[in-house]
Each structure stands twice: as C-alpha cells, then as structure tokens.
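Residues per chain are reported as follows:
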Amino acid sequence: MTVRVRFAPSPTGMFHVGGARSALQNWIYAKQQGGVFVLRIEDTDAARNKPEWTEGILSALDWIGISRGSYEGPYFQSENAGEHRAAATRLYESGRAYYCDCTREDVQARTGSQYQGYDGYHRDRGLGPGPGHALRFRTPDEGVTVVVDLIRGEPTFENKLIEDFVIARGDGSPVFLLANVVDDMTMGITHVIRAEEHLPNTPKQQLLWDALGVKPPVWAHVPVVVNEKRQKLSKRRDKVALEAYRDEGYLAGAMRNYLMLLGWAPSGDREIVPWLVIEDEFRLDEVNPSPAFFDEKKLRAFNGEYIRALPVAEFVEACQPWLTGTGTIAPPPWQPDEFDADAFAAVAPLAQTRIAVLSEIVPNVDFLFLASPMIDEAAWTKTMKDGSGELLDAAVTAFEALESWDAESLKSTLEAVGAERGLKLGKTQAPVRVAVTGRTVGLPLFESLEVLGRERTLTRIRAARLRLP
Ligand code: GLU
C-alpha cells in the first residue's frame, strides 16, 4: 500500500501557522513512508473563498519549503462536485440518508428544550428530495465508532450520541463533512493528518466512509496551537498568519524548525537542528497530544540564532527586501534616499549579531541611506543636556583635525574630548550618536561613523548643534 496523505486548507483567510505546521508534518510523513503528499484546496465555501487566499496559501507554502513539484496537485475541491453529489445520492438510495425539512425551531418546538441535536423526526417519514429539503445521514442507534489515531490511540464515540447530521443542504449542495470524505476517497488518501479541531467531525466522517463501503483512513489529530494564556490561537487576538512572520523578517528555516517543535522534539535536548535531522527523526506517533504553546519570544530567539548562522553574503541578500523594497515582501513604510550597497556590506556583520528579525535592520542602518537622519524626538530630549552643544562643537573641531577617518581614531579622539570634561565615553558618545543616527541605540558608533564618512558625519553634528542653545 502506498501511503497517500494530504493537506487540505480552505482559502478563507491568511495562512495560519497551525496550518503550516500540519502541512510540514504531512509532507515529512509522506517522505518518510515513501508516499505521496497531495495538496487540495477546499474551495467550496463560496461565500468565504477568495482566489487571492489560494495564491497566499501557495506562496506561503513555497516560502516554508513546500514548493510546486513537491506535492501532487493542487486539486480543487470544487472540481470534484459531481462526485460529492453522486455520493449523496448513493447514500440516499441505499437508505443510509433521508430528507428532512425541519428548521431548528421546529426541532426545538417538538423537543421543548434547548436545541440539543436533531431528533430524528424525518427518519421514517419518507420525505422525498425537493427545494429546502436537507439530506441527513442516518447514524447507527447502537454500538461505537472507534477512530484509529496515531497520536491519540483509539478515541471511541458512542453512536447513539451522534445526531443524524446533514450531508447536503436544502439546495442540494454537499456540506464539508461529506465533500471532505469523498475527496479523500477519490484521492486514495490513506492517512489523514490534521488539526485536533476536526476530531469531533471524525466519528461522523468515519461513519460516512463505512456507509460508502470504503476502508477509512488512519487518522492523526495534531495538537491545537495555543498562546501564552493557553487560548487557542485566533486571528483576531494573535499573530497567526505565516505571511506576517515572513514579512517581519523571520527566516523560513527558523520558522519551519520552530513549527516542527510544536508537540515534538528531536533527540538529545536539541531544538535548533538542521532540517535534515527533523526529516529523519520526526515521528508522527511521538507527537504529544496536549495543546502546543506557540511561543513567539522563543521563535524570535530562534530566528536570531538562524540569522547569526547565515554567511554574511546571505545575510546581506536576505535584508534587501527591507532596505531596497526588492523581492516579493511588502516593504515597510520606509524609503532610502539613496541605498549604497558597499556601505551596507561594511556594516552588515555588525548588524547581523544584533537583530532577531530582518525588518529590524531598518532602524539600525537607515541613517546611512537618508539625506538626514530620522531624529527620534524622545531620544533627543533624553540625551541632549546642558553642555551637549559645547560637547558637539568640541567633537566637530577634533574630528575635523583627524588625519585618518577610521573607527579607532574616531574613538580615541572622542574619548579625549570627553576626558577633558570629566565624562566617560558612554556619556560623550550619546549626543554624537543621536546627532548622527537620530537614535540612542544602534550599531557600534565609531564603525558607523567610519562608514558614513567625514563629510556627512560633520554636517549632521553641525546641524544638531544649531538646534541646541
Ligand atoms: N479544509 C479543512 C480546514 O481547513 C481541512 C479539513 C481536513 O484537513 O480534513 O480546516
């Protein structure tokens, strides 16, 4: 038997990090089993689907390392609509499903209580197809449905507690539960690896597999992803879109390494490991069924490590979208007046050790590429004290006299300027940094001044001086 797994996202919004995790797990599982990984876009919710969401899913998958060619498809659920309807008809004709025109209110009026599921009113009333008649699956009154789950053992559901659920709406269109099963059947799926959120659907779906006469797949419900308050990650509350992380400057390698740690860990207490180790060591049946904490702080730290591990040339390349707006990533609202690749290459190694996400490159180096620095007014007020004007004057004079414009000479010169006033280097360089870069923190100052050059450094210090008493 060839293992066939699938990832089946619905194109109804940004691509969720939990979805990316499931996609990676499916992909690795197929690879390990010598199987096939299928991508199916479940695009039948016409009211919520948008083609751009499908594009977003494909490009986010590509970014995380699942590119076209590494999956079969993409298939589109809508293309299989004929099969969905045929299956509904088969279930009706074999007596496994029946038509019903009850509204929720009808059921409630009959049962006299809160709606607690359908009461089976139309089970044996012989209602035929017609507008407004939904098709319901007749669930068994007895026995249990045992789901074989690689992560959760054998969750068991009592059939009498499963209501006769709708499989096709009043307009004849099949619902998710049925379409999803029929697609898995037609695509020969042997293992369904998906989020825990779908577990309540699974007994119903397995009953459909049985009723349609096909052996159900093996299931694996991977744990729900939660935030630090142990709440399920939600797009209203949390940053869940894979694209948002990409655009902020997370590296795909860091991201996929981190995603695979949700509920699983490689051997030997390691967390940051080469992807090949994950592909080799990951075991679906070792995934912990408990909710997995998506720790953004930890992900950030991971990303910093991945950034530091890049060869400098790759780091320089990776920063380009944030500096020059090239590439597919939406650039932040910042435009260099003039980008200078050599200047950037000169400071890149200093920045590489200091940032955790690539977008942080901007506040670190923007002073190099702007005609005048973007002055952070709060930083200015905090730093410029009595005496700062006089200090800047002295710095200008000393810098003008420098023979060699290099970091070391700049440092010893400014140190001397401070010493004459009884100031430590930290206090001396703060007003110079704000004058030149606009900020209180950043790359090592003297290396920055060396790269910025004599003319621009002096012009900026003089300009700042004019603002001071
Ligand atoms: N389209 C479903 C979803 O996005 C997937 C269902 C499944 O994996 O079986 O939640």
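Going by the structure above, here's the rest.
Structure report, in brief. (Residues numbered from 1 in each chain as written. Predicted model: local features only at pLDDT ≥ 70, side-chain atom pairs only at ≥ 80, totals over all residues. Heavy atoms only, no water.)

Here we take up the packing of helix H5 (residues 176-186) against helix H6 (residues 202-211). Close contact between H5 and H6 brings their axes to 10 Å; oriented N to C, the two are set at 50°. Judged on the interaxial angle alone, H6 and H5 are oblique. Here H5 runs over H6; the crossing is right-handed. Contact residues: Phe176, Leu177, Leu178, Asn180, Val181, Asp184 and Met185 in H5; Lys204, Gln205, Leu208 and Trp209 in H6. Taken together, the residues that form the contact of H5 with H6 break down as seven nonpolar, two polar and two charged. (Axes fitted to C-alpha atoms, helices over the stretch in contact; angles between N-to-C directions. Helix = DSSP H or I, 4+ residues; strand = E, 2+ residues; numbered from the N terminus. Parallel < 35°, antiparallel > 145°, perpendicular 65-115°, else oblique. Left-handed = near helix turned anticlockwise from the far one by under 90°. Contact = heavy atoms within 4.5 Å. Nonpolar A, V, L, I, M, F, W, Y, C, P; charged D, E, K, R; others polar.)

Applying the stated rule across the entire model yields twelve aromatic pairs. When the centroid spacing of 5.5 Å and the interplanar angle of 80° are considered together, the rings of Tyr258 and Phe302 count as edge-to-face. Of the two residues, Tyr258 is situated in helix H8 (residues 252-260) and Phe302 in helix H10 (residues 296-309); the sequence distance between them amounts to 44 residues. Here Tyr258 matches Phe302 in class, with each residue buried. Summarising the aromatic geometry, the rings of Phe339 and Phe369 are spaced 4.7 Å apart at their centres and angled 50° between planes, so their arrangement reads as tilted. With Phe339 in the loop between helix H11 (312-324) and helix H12 (341-352) and Phe369 in helix H13 (residues 361-369), this pair connects stretches of sequence that are 30 residues apart. (Phe/Tyr/Trp six-rings, centres within 6.5 Å; stacked < 30°, edge-to-face > 60°. Buried < 20%, exposed > 50% of the residue type's maximum accessible area, 1.4 Å probe, protein only.)

End to end, helix H15 (residues 388-400) covers 18 Å across 13 residues, agreeing with the expected 18 Å (1.5 Å per residue, within 8%). Of the residues making up H15, those classed as buried are Ser388, Gly389, Leu391, Leu392, Ala394, Ala395, Val396 and Phe399. Looking at the buried residues of H15, the elements they touch are helix H14 (377-383), helix H16 (407-420), helix H17 (425-437), helix H18 (445-452) and helix H19 (454-466). (Expected span 1.5 Å × (residues − 1).)

Here we come to a negative patch on the surface. There is a patch of like negative charges on the surface, built from Asp337, Glu338, Asp340 and Asp342. The topology assignment puts Asp340 in the loop between H11 and H12. (Patch = residues over 30% accessible without salt bridge, like charges linked within 9 Å, V, L, I, M, F, W, Y side chains within 5 Å. Areas by Shrake-Rupley, 256 points an atom, 1.4 Å probe, with all protein chains shown as cover. Salt bridge = Lys/Arg side-chain N within 4 Å of Asp/Glu carboxyl O. Lys, Arg positive; Asp, Glu negative; His and termini not counted. Charge placed at Lys NZ, Arg CZ, Asp CG, Glu CD.)

Time to look at the pairing of strand E4 (residues 97-100). Neither face of E4 is left uncovered, since the one carrying Ala97 and Tyr99 and the one carrying Tyr98 and Cys100 both have all their residues buried. As paired elements, E4 and strand E5 (residues 134-137) share four bridges and run antiparallel to each other. The residue of E5 that forms the bridge with Cys100 is Ala134. (Pairing = 2+ DSSP bridges.)

Going through the model one piece at a time under the given rule, you end up with 27 salt bridges. The salt bridge involving Arg4 is made with Glu72; its shortest N-O contact spans 2.8 Å. Here the residue Arg4 occupies a position in strand E1 (residues 4-7), and Glu72 occupies one in strand E3 (residues 72-76), the gap between them amounting to 68 residues. For Arg4, a relative accessible area of 18% corresponds to the buried category. Judged by relative accessible area, Glu72 falls into the partly exposed class, the value being 25%. The salt bridge partner of Asp366 is Arg439, with a shortest N-O separation of 2.4 Å.

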